Amino acid sequence: MSYNWNWGVLLQDPYLGWLISGVGWTLAVSAAAWVIAFALGSIVGVARTLPNRFVRGAATAFVELFRNIPLLVQLFLWYFVVPELLPEDWGRWVKRDLPLPEYTTAVVGLGFYTASRVAEQVRSGIESIPRGQTLAGYASGLTTGQLYRYILLPVGYRLIIPPLTSEFLTIFKNSSLALTIGVLELTAQSRQITEYTFQGFEAFTAATVIYVVITLSVTAAMGLVERRARMPGFIAGGR
Amino acid sequence: MIEIRDLDKRYGDFHVLKRCSTSVAKGEVVVVCGPSGSGKSTLIKCVNGLEPFDSGTITVDGISVGDRRTDLPKLRARIGMVFQNFELYPHMTVTRNICLAQEKVLGRSRDEAEAKAASLLARVGLSDQAHKHPGQLSGGQQQRVAIARALAMDPIAMLFDEPTSALDPEMISEVLDVMVELAQEGMTMMVVTHEMGFARKVAGRVVFMDCGEIVEDADTASFFGSPRSPRAQAFLSKILDHV
């Protein structure tokens, strides 16, 4: 294979700038989507454990809707179809005046999809707490809200830190799909560098290394959270 | 203090409680015993509304537990409960376990709650464990913390649901000692237990249940001396053979 290696291209203007900007968009999409995923996923996950049948049903419908359609299809739906389905005024606003339409759509699409997965983890965390804990909380006079606030959620979140870490990593990797609706994130920029310079190996090696650095940093940070949140003497926390 | 009248409950086809009636007077200790699956635990969980029931009435200090207008959290806060598996909150220290409901339910200040926790921990002999987490304590220690947690609410009555059944034999007595002391101080207590020694020592009355029915409800001396029903006789002869 005759290939002209040129790692220097990555440091040249404007390609270095493109990479940096790509990293910025990847982080911006992922972080904003994670905020939505965590907040909405927590609400939906808790709703699936509540006694009220209608609340539970609505939450289940949300989860099944957003986890059963491929993420790529969901992004296309949000970007191309949803604006057409909205009332005319709203649709026009989305198409004409929505700030950063590609970015916003990617954040919402990725956020809702990941929320459905976070919701299931939150639910499994809460449901894995022995029923006696709930009885003990109620017996001491706590209301349902207080029970969740002080016992079920603090313990439930601790139990799901490992799978939640994986979900957090996945959101960075899934953010690469945002390129399909025009967000110039890391993968899109690497592809663009390839098209301009034909140095595809270098460009995608750089992207790979950057993704790994990001995800390993997140893993390390979550490991710190896990250690700080451990419950001494409890099985899941070790001693 | 606790009045149970014609209490009836079914899980689908299974008749868990069949028209059960009994009462616990102020300052009285009543032991509820009987074979597994006889409905003892269900009965005691109905008293503070943790288990719903189909018909009959329960009143605690004159307040109807089954009445939909009753503020159940407020009523439960006045009734202490101790569980078979301790049910301490694993993410909190011993002190925080004892303070949580004091602060969030009774509205006590943190200082006030912690002072109360410290004095109760001294009483159950665990002052040196205050900053540990439940997972670092033995079963007997955890159950004593659970008793302190219930007492911190200044309850008008205490419910015990098989408090020693999950304990190793050598830890049972440290928990029973605390309960005996509590009984001797005049606490109103309803205790589901197989500890017949405890019943003999402090119970005023013994309620014997079988298959969801209260078969025998007698003062302690006559229950152990001359049980009337054949089922209670059979139960006692089996259980006392080995004592």
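Now for a quick tour of the structure. Values in this document were obtained by computation on a predicted structure and should not be read as measured data.

1. Re the overall build of chain B
Secondary structure summary: chain B contains nine helices and 10 strands in total. For chain B, the C-alpha radius of gyration of 18 Å lies close to 18 Å, the compact-globule estimate for 243 residues. Counting only C-alpha atoms, chain B reaches 55 × 45 × 30 Å along its principal axes. Burial status across chain B gives 56% buried among its 243 residues. Put simply, of all contacts in chain B between residues at least 6 apart along the chain, 64% involve residues at least 24 apart. The distance from the centre of the 28 positive side-chain charges to the centre of the 32 negative ones in chain B is 4 Å.

2. Quick notes on the packing of aromatic side chains
Summed over all chains, the structure comprises 21 aromatic pairs over all chains. Between Y3 of chain A and W5 of chain A the ring centres are 5.0 Å apart and the planes differ by 70°, which places this aromatic pair in the edge-to-face class. Ring pairs connect the aromatic residues W34, F38, Y157, F168 and F172 of chain A, which therefore count as one cluster. Here the guanidinium or amino end of R149 of chain B rests over the ring plane of Y89 of chain B, the centre of that ring lying 4.5 Å away. The ring of F224 of chain B carries the charged tip of R200 of chain B above its face, separated from the ring centre by 4.7 Å.

3. A word on helix α1 (residues 40-47) of chain B
Residue and element names in this part refer to chain B. Burial analysis of α1 places seven of its eight residues in the buried class, the great majority of the element. Where α1 is concerned, the buried positions are K40, T42, L43, I44, K45, C46 and V47. Looking one or two residues past α1, G49 carries a phi angle of roughly 75°, positive in sign.

4. Examining helix α2 (residues 53-67) of chain A
All names here are of chain A. With 15 residues, α2 extends 21 Å between its outermost C-alpha atoms, agreeing within 8% with the 21 Å of an ideal straight helix rising 1.5 Å per residue. Every buried residue belonging to α2 is among A59, F62, V63 and F66, and all of these are buried. For α2, the arc enclosing every buried residue in end-on projection is 95°, short of the 170-degree limit, so these residues lie on one face. Residues R53 and F54 are exposed on α2 and point more than 90 degrees away from its buried face. Packed against the buried residues of α2 are α1 (15-47), α3 (71-85) and α5 (101-127). A distance of 2.8 Å separates the backbone nitrogen of F54 from a side-chain oxygen at the start of α2, and that oxygen is part of N52.

5. Concerning the state of the cysteines
Residue and element names in this part refer to chain B. Applying the stated criterion across every chain yields a total of zero disulfides over all chains. Not part of a disulfide, C46 finds its nearest cysteine sulfur in C20, a span of 8.9 Å. Judged by relative accessible area, C46 falls into the buried class, the value being 0%. Note on C211: no disulfide assigned, nearest cysteine sulfur contributed by C20 at a separation of 11 Å. A relative accessible area of 43% places C211 in the partly exposed class.

6. As for the environment of S165 of chain B
Residue and element names in this part refer to chain B. Within the fold, S165 resides in the loop between β7 (157-161) and α6 (169-184). When neighbours within four sequence positions are excluded, S165 is seen to be in contact with Q84 and H194. Polar side-chain contacts of S165 include one of 2.6 Å to the side chain of E162.

7. Brief notes about the packing of helix α3 (residues 94-104) of chain B against helix α4 (residues 110-123) of chain B
How two helices pack is summed up by the angle between their axes together with the distance between the axes. Residue and element names in this part refer to chain B. Interhelical geometry of α3 versus α4 gives an angle of 130° and a closest axis separation of 9 Å. For the element pair α3 / α4, the angle class is oblique. Crossing of α3 over α4 shows right-handed handedness. Between α3 and α4, the contacting residues are V94, T95, R96, I98, C99, Q102 and E103 on the first element and R110, A113, E114, K116, A117 and L121 on the second.

Quick notes on the rules
Residues numbered from 1 in each chain as written. Chains lettered and ligands numbered in written order. Predicted model: local features only at pLDDT ≥ 70, side-chain atom pairs only at ≥ 80, totals over all residues. Heavy atoms only, no water. Helix = DSSP H or I, 4+ residues; strand = E, 2+ residues; numbered from the N terminus. Rg over C-alpha atoms; globule rule 2.2 N^0.38 Å. Buried < 20%, exposed > 50% of the residue type's maximum accessible area, 1.4 Å probe, protein only. Contact = heavy atoms within 4.5 Å. Lys, Arg positive; Asp, Glu negative; His and termini not counted. Charge placed at Lys NZ, Arg CZ, Asp CG, Glu CD. Phe/Tyr/Trp six-rings, centres within 6.5 Å; stacked < 30°, edge-to-face > 60°. Lys NZ or Arg CZ within 6 Å of the ring centre and 35° of its normal. Expected span 1.5 Å × (residues − 1). Arc of directions from axis to C-beta. Polar contact = N/O pair within 3.5 Å; in protein donor to acceptor, adjacent residues only side chain to side chain. Disulfide = S-S within 2.5 Å. Axes fitted to C-alpha atoms, helices over the stretch in contact; angles between N-to-C directions. Parallel < 35°, antiparallel > 145°, perpendicular 65-115°, else oblique. Left-handed = near helix turned anticlockwise from the far one by under 90°.

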